[in-house]
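Inside the fold
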Amino acid sequence: MPHGLKRLDIMTFPLPPVEWPLPDEEATVALAQRLAALVCGHAPESLPAGGRIHLRGELGAGKTSLARALLRAGGVTGRIKSPSYALLESYNVSNLYFYHFDFYRFSDAHEWRDAGFGELLADHAVVLIEWPEQAGTRLPPPDLDILLEYAGAGRRAWLSACSEKGQLWLTHLTSSRR
């Protein structure tokens, strides 16, 4: 587990966190493509589209790069902007909504709800949240928590399932990489 960052304690499912090496940008895009198939409902298990993914890690660890690659793989065309200043960027692809949040600038755990973001955390949308820890314990748990960290010249992701859907995603991801 990375030094200085703790794994979420909300994990109540039997799968332990999965370490996923990301030695280069191609590996990050490949992981995002696999995740996109799952959140867009294209997995063999016929899971409904939508779900929540929290992206955590130090500045520059690759949260936005992974989110952009997932959005692109999910069908978003055109420019994909970082939500760092706007706090939210939203996209609609074939009636599937994608909400990409960045809570880095929040200084109070209530700000995300005060901004009216609570109603956008629907199960039928794809919700990506960078810096979810800025919302304290007020956010509902994600389906999948991804902690990104530096690993030499590349990165490493720790994937933790936090719901039944997340557990199915993680099972699919780990079985398909063998």
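Look up: the structure comes first, before these words.
An account of the accompanying structure is given in this report. Computed from a predicted structure; not experimentally measured.

1. Quick word on the sheet that holds strand β7 (residues 154–161)
- The mixed open sheet is built from 7 strands, whose spatial order is β1-β7-β6-β2-β5-β4-β3. Two strands bound the open sheet, and with one partner strand each, they are β1 (18–22) and β3 (88–93). The average undirected angle you get between the axes of adjacent strands in this sheet is 20°.
- As defined by bridge partners, strand β2 (residues 51–57) adjoins strand β5 (residues 126–130) across 5 bridges and the pair is classed as parallel. The residue of β5 that forms the bridge with Gly51 is Val126.
- Of the strands in this sheet, β1, β2, β4 (96–102), β5, β6 (144–151) and β7 touch helix α1 (residues 25–39), which is tilted by about 130° from β1.
- Strands β2, β3, β4, β5 and β6 of the sheet are contacted by helix α2 (residues 63–73), whose axis makes an angle of about 165° with β5.

2. Thoughts on the environment of Leu170
- Positionally, Leu170 belongs in helix α4 (residues 164–176).
- Taking the relative accessible area as the measure of exposure, Leu170 reaches 1% and is therefore buried.
- Sequence separation between Leu170 and Leu35 is 135 residues, and the spatial gap between their C-alpha atoms is 9.3 Å.
- Once residues within four sequence positions are removed from consideration, Leu170 is found in contact with Leu15, Pro16, Val18, Leu144, Leu159, Ser160 and Ala161.

3. Points about the environment of Asp24
- By the element assignment, Asp24 lies in the loop between β1 and α1.
- Along the chain, Asp24 and Arg156 lie 132 residues apart, while their C-alpha atoms are 9.9 Å from each other.
- Within the local environment of Asp24, its side chain forms a polar contact with the backbone nitrogen of Ala27, the two atoms lying 2.9 Å apart.

4. Looking at unusual backbone geometry
- Of note in the backbone geometry, Asn95 takes a positive phi value of approximately 65° without being a glycine.
- Inspection of the secondary structure puts Asn95 in the loop between β3 and β4.
- You can call Asn95 exposed: its relative accessible area is 69%.
- In the Ramachandran plot, Trp131 falls in the positive-phi region, its phi being about 60° despite a non-glycine side chain.
- For Trp131, the location among the structural elements is in the loop between β5 and β6.

About the cut-offs
- Residues numbered from 1 in each chain as written.
- Predicted model: local features only at pLDDT ≥ 70, side-chain atom pairs only at ≥ 80, totals over all residues.
- Heavy atoms only, no water.
- Pairing = 2+ DSSP bridges.
- Helix = DSSP H or I, 4+ residues; strand = E, 2+ residues; numbered from the N terminus.
- Axes fitted to C-alpha atoms, helices over the stretch in contact; angles between N-to-C directions.
- Contact = heavy atoms within 4.5 Å.
- Buried < 20%, exposed > 50% of the residue type's maximum accessible area, 1.4 Å probe, protein only.
- Polar contact = N/O pair within 3.5 Å; in protein donor to acceptor, adjacent residues only side chain to side chain.

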